[in-house]
Each structure stands twice: as structure tokens, then as C-alpha cells.
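Chains, contacts and geometry: an overview
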Amino acid sequence: MSTLTPILADAVNISGSIQGGLGCLGAAIGVGLVGARAAEAVGRNPSASGKILVQGILGMALAEAVAFYALFLGK
Amino acid sequence: MSFVKTFVSFVVKPISHIPPHPPPAASARRPPPAIFEIERPGFPAFSRGSYMRLFFRKTAAIFAAATVLSAAGIADAAAAEAHGVTPDPSVLTRIGGVFPVTNSMLMSWLVAGLIVLFVRLALGRPRLAPTRIQAAVEDLLIGLRDVLAPIVGKRVIPHAFPLLASFFIYILLMNWSGVLLGLFGEFLPFLRPATADLNTTLALAVVSFGGWLYFVLRYAGLRVLARETFGNKADRREVAAPLYAFLTVLFLAVGVIEVVSILIRPVSLSFRLYGNVFGGENLIHELGRLAPLGVPAAASFLEILIGLIQALVFTLLSAVYIGLVCNHGDEHETAHAPDKPAGETTPAPTPA
């Protein structure tokens, strides 16, 4: 018991960082997917780049919000 | 988006590599778009690019100087404080002993005052024959309008545009104020980049939410809002009656989730802006602590881009939220336009 308590305390301390890191990982994957698809779309139809830029920025912003939820609301 | 393109091309290319702007051919000239609803019959058209180029050449020169000099300023700052940037602003004074005045509030007042002063002194009254500065500002506004109009919809954009354009310009300058402050380092501890404070961004998000509520209720109405949120979007003619009833219940349940997602919008708007600007500010300072000379300048350039993108994101999302409800009428009009044949549309031929 006495040896387990500090380990548990450490685990609790770590968990916040893991949760923040996982949130950022998910957001990064989402932003990457949006960026990849946006680049692909511009490659297919270069004349639509303006509209794709707006949609891409919106998609990235919505995906990115997840990271901030994880960072600020968690722990 | 010409404004963004001009700016981005400016940041990416060195100044000396930009070829001189060729004078537009007579046929290529077009009359200036009437953003202030002023027709300029017979007035010689101005070339759009040249004024913007001038405007941004100066702006970019200022920011280049700021980012390079920021290295020196941050070196001082690094010696002064071992820890990173504090997440909270510091209270400078309390008016009447109660109402706190923080350093980020001071910065936001400064930025707002500068915008008012700029408009008052440099622009004055909009003239039929635009001065150089007026042409540049008009170009910025036209670029913004061209981006926002298809999102918000033709009907609401004249009413919503002042709010959205103010969001963009105000937030942009507040974001960039952090990079400019790098110039002074620790010499100005009473100023803090305004959007690197959750209170500022939360206030902006609440204003955005209030604006959304106003525009939606004023130009779409409570009925449209309720139908958009809770209403059954299935077509009664295509769906069997029991399934339709089931879908009504389902859409009602979805509407509850929708309400939660609407209510969480101010939180996500404010967290996004605060997280990006505060994170960038921390990055600059931490890099300044690790490698005081030169390296923070790279982060500052990144921060200029992020400040621009985040200002655009805040404005775009505010516009999208308004457009989600208000732009629906236009869509129906175009869908039932007489010149468009109803029924299935032929898919575009795909290249082999």
C-alpha cells in the first residue's frame, strides 16, 4: 500500500498529459487529413483554390478545436 | 482573397524579388467595385494591385523589422523571467478599487483607439475619387466581402458585414500586437497581446454569439431557426409515413444535440483563438530562452501567419454560423430557379 501510493500519485499526474497529448494527436490527424484532401482538391481543380482554401481553413479550425478542449477542459 | 494572397506572397518572397507591377492593359481594367454602394460613372479605374502592393510593402517592412529586432528584445526578456508566459494577465490598477484594468485590456483599448484614429485621420469621409489609403482599405474590405458573401448569403451580408469585417481587422491587429511587442521585450510589461488572454477572446466570442442570435432572429426568424434545429428534413413524398414519424422523433433528438453544439460555440471560438495566440507567444518566449538570437524571429514569422489565419478563422466561423441558418432561403431559391431543370443533373464527364 505504502509503496503503491506514490506510484498511483505519479500515474494521476501523468494522466493529464496523456489526455492532452491524445487530444492533440487526434486534432493533428484531423488537420492533416483536411490539408491532404485540400491539396488533392486543388490539384484536381486548381481554379477552385479560393473556395477550397476557405473550406480547408474551416475544416482545420473545427478539427483543431478538439485539441483545445483536451488541453483546457481536461484535468 | 486577393488580400491574403498578396500578403502571403509578400511574406514568402523577399522584397527585392518581386517584379515591378506591370501597368494593366486598357482592356484588363475594370471599374472599381462599389462596396460603399457608390457608382463612379466615367471615373478612370484604378489598378487594384498597385495600392495593395504599396500598402503591404510598408506593412511587411514594419513587421520584418519587428521580427528581426524581437530577437534582441526577447534576449532581455529571457534574462528577466525564467518561467514562460503566464496564462493570466496582470492587473495594473483597479478603477474605484473594484473594476480591474489588466495589461491585455489596455492593449485592446490601444488597438481599438488606433483603428478609430486611423479611420478618422487617414480615411476621413469616403470620397468618390478614392485616395490611396481609401483604395487600399476598400480593397481589403472588398476581398473580405467576396469571401464572406457566399457564406452568409446575399440577403444578410449587407447587414452582417460590418460586424464580421470589424472582427477580422480588430482580431488581426490584436494578434499581431504580440509580435510587435516583441520589439520592446520587457520594457513594456503593462502591455500584453490582447488575444493571449482568455477574457478577451471570451468577450469576442460572446459578441459573436450575440451577433449570431440577432442576425438569425432578425433575418431568418424563430420559426426558421426551430425548423433548422429540430425540424424533419426528410421529404414526406419520398418516405413512408411510419418512417417519417420515426424520423421526426430522431430529428428532435438530433436537435437537442444541435442546441448543445450551438451553446458550446462561444467556448470553442474563444479557446481556439486564445490557445493559438497564447501558445505562439509561449513558443516565441521559450525559443528566445533556448536560442536568444535569430531563432525567435522564425517563430515570429510563424506567429504573423497564425495571427492572420486565426483572425480569418474567427470571422469565417462567425459567418458560417450565421449562414447556416440565414443562407437556407437563397439555396431553396436557386434550387427552384426556373432556368434550372428539376430532377437529376447530368454528372460532369470525368477525364479518363
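Predicted, not measured: the structure shown is a model, and the values here were computed from it.

1. Regarding the overall build of chain A
Counting its secondary structure elements, chain A contains two helices and zero strands. Scored against the burial criterion, the 75 residues of chain A give a buried share of 24%.

2. With respect to the overall build of chain B
Scanning chain B for helices and strands turns up eleven helices and two strands. Counting helices and strands in the order they occur from the N terminus, chain B gives α-α-β-β-α-α-α-α-α-α-α-α-α. By residue count, 41% of the 352 residues in chain B fall in the buried class. Surface exposure of chain B reaches about 19,400 Å², of which carbon and sulfur atoms provide 69%.

3. Overview of helix 4 (residues 132–152) of chain B
Residue and element names in this part refer to chain B. Here helix 4 spans 29 Å end to end across 21 residues, near enough to the 30 Å set by a 1.5 Å rise per residue. At Asp 146, helix 4 shows its maximal bend, which comes to roughly 30 degrees, and the proline Pro 150 appears one to four places after that position. Most of helix 4 sits inside the fold, with 15 of its 21 residues counted as buried. Gly 153 lies just past helix 4 and shows a positive phi near 105 degrees.

4. Some words on the nonpolar core
Ranked by size, the top nonpolar core spans 60 residues in total, and within it Val152(B), Val156(B), Phe168(B), Trp212(B), Leu316(B) and Ile322(B) carry the most contacts. Put simply, the parts of the chain that give this core at least two residues each are helix 2 (49–73) of chain A together with helix 3 (103–123), helix 4, helix 5 (157–181), helix 6 (198–219), helix 9 (265–290) and helix 10 (295–326) of chain B. Of the residues forming this core, the biggest block, 14 residues, is contributed by helix 10 of chain B.

5. Here's the deal with the interface of chain A and chain B
Think of interface size as the accessible area that goes away when the parts come together; that is how it is often given. Contact with chain A, which involves twelve residues of that partner, is made by 18 residues of chain B. Seen at the junction of chain A and chain B, the total is zero salt bridges. A class-by-class count of the residues in the side of chain A that touches chain B yields eleven nonpolar, no polar and one charged.

6. Considering the packing of helix 4 of chain B against helix 5 of chain B
All names here are of chain B. The interhelical angle for the contact between helix 4 and helix 5, taken along N-to-C directions, is 125 degrees, at an axis separation of 10 Å. On the basis of the axis angle, helix 4 is oblique to helix 5. Between helix 4 and helix 5 lies a crossing whose hand is right-handed. Touching Leu 140, Leu 141, Leu 144, Arg 145, Leu 148, Ala 149 and Val 152 of helix 4 are Ile 157, Ala 160, Phe 161, Leu 164, Ala 165, Phe 168 and Ile 169, all from helix 5.

7. Brief notes about the pairing of strand 1 (residues 91–95) of chain B
Remark: a regular strand shows side chains that alternate across the two faces of the sheet. Residues and elements named next belong to chain B. Examined bridge by bridge, strand 1 and strand 2 (residues 99–102) share four bridges and lie antiparallel to one another. Looking across to strand 2, one finds that Thr 93 is bridged to Val 101. The loop that links strand 1 with its antiparallel partner strand 2 comprises three residues; one of these, Gly 96, has a positive phi angle of about 70 degrees.

8. Remarks on helix 10 of chain B
For the α-helix, the turn length of 3.6 residues means that residues three or four positions removed from each other point alike. Taking 1.5 Å as the rise per residue, helix 10 of chain B with 32 residues should run 46 Å; its terminal C-alpha atoms sit 46 Å apart, in good agreement. Counting buried positions along helix 10 of chain B gives 24 out of 32 residues, so the element sits mostly inside the fold.

9. Description of the packing of aromatic side chains
Ring pairs (aromatic) are described by centroid distance and by the angle formed between their planes. All names here are of chain B. Tallying each qualifying case throughout the model produces five aromatic pairs over all chains. Aromatic side chains Phe 167 and Phe 314 sit 5.1 Å apart centroid to centroid with 70 degrees between the ring planes, which places their arrangement in the edge-to-face category. Pair noted here: Phe 167 is in helix 5 and Phe 314 is in helix 10, with a separation of 147 residues, a long-range link. A single burial state applies to Phe 167 and to Phe 314, both of which are buried. Between Phe 215 and Tyr 219 the ring centres are 6.2 Å apart and the planes differ by 20 degrees, which places this aromatic pair in the stacked class. Of this pair, Phe 215 and Tyr 219 both sit in helix 6, four residues apart, roughly one helical turn. For the pair formed by Phe 215 and Tyr 219, the shared burial category is buried.

Criteria and thresholds
- Residues numbered from 1 in each chain as written.
- Chains lettered and ligands numbered in written order.
- Predicted model: local features only at pLDDT ≥ 70, side-chain atom pairs only at ≥ 80, totals over all residues.
- Heavy atoms only, no water.
- Helix = DSSP H or I, 4+ residues; strand = E, 2+ residues; numbered from the N terminus.
- Buried < 20%, exposed > 50% of the residue type's maximum accessible area, 1.4 Å probe, protein only.
- Areas by Shrake-Rupley, 256 points an atom, 1.4 Å probe, with all protein chains shown as cover.
- Expected span 1.5 Å × (residues − 1).
- Bend = angle between axes of the 7 residues up to and from the residue.
- Core = buried A, V, L, I, M, F, W, Y, C linked by side-chain atoms within 4.5 Å.
- Contact = heavy atoms within 4.5 Å.
- Salt bridge = Lys/Arg side-chain N within 4 Å of Asp/Glu carboxyl O.
- Nonpolar A, V, L, I, M, F, W, Y, C, P; charged D, E, K, R; others polar.
- Axes fitted to C-alpha atoms, helices over the stretch in contact; angles between N-to-C directions.
- Parallel < 35°, antiparallel > 145°, perpendicular 65-115°, else oblique.
- Left-handed = near helix turned anticlockwise from the far one by under 90°.
- Pairing = 2+ DSSP bridges.
- Phe/Tyr/Trp six-rings, centres within 6.5 Å; stacked < 30°, edge-to-face > 60°.

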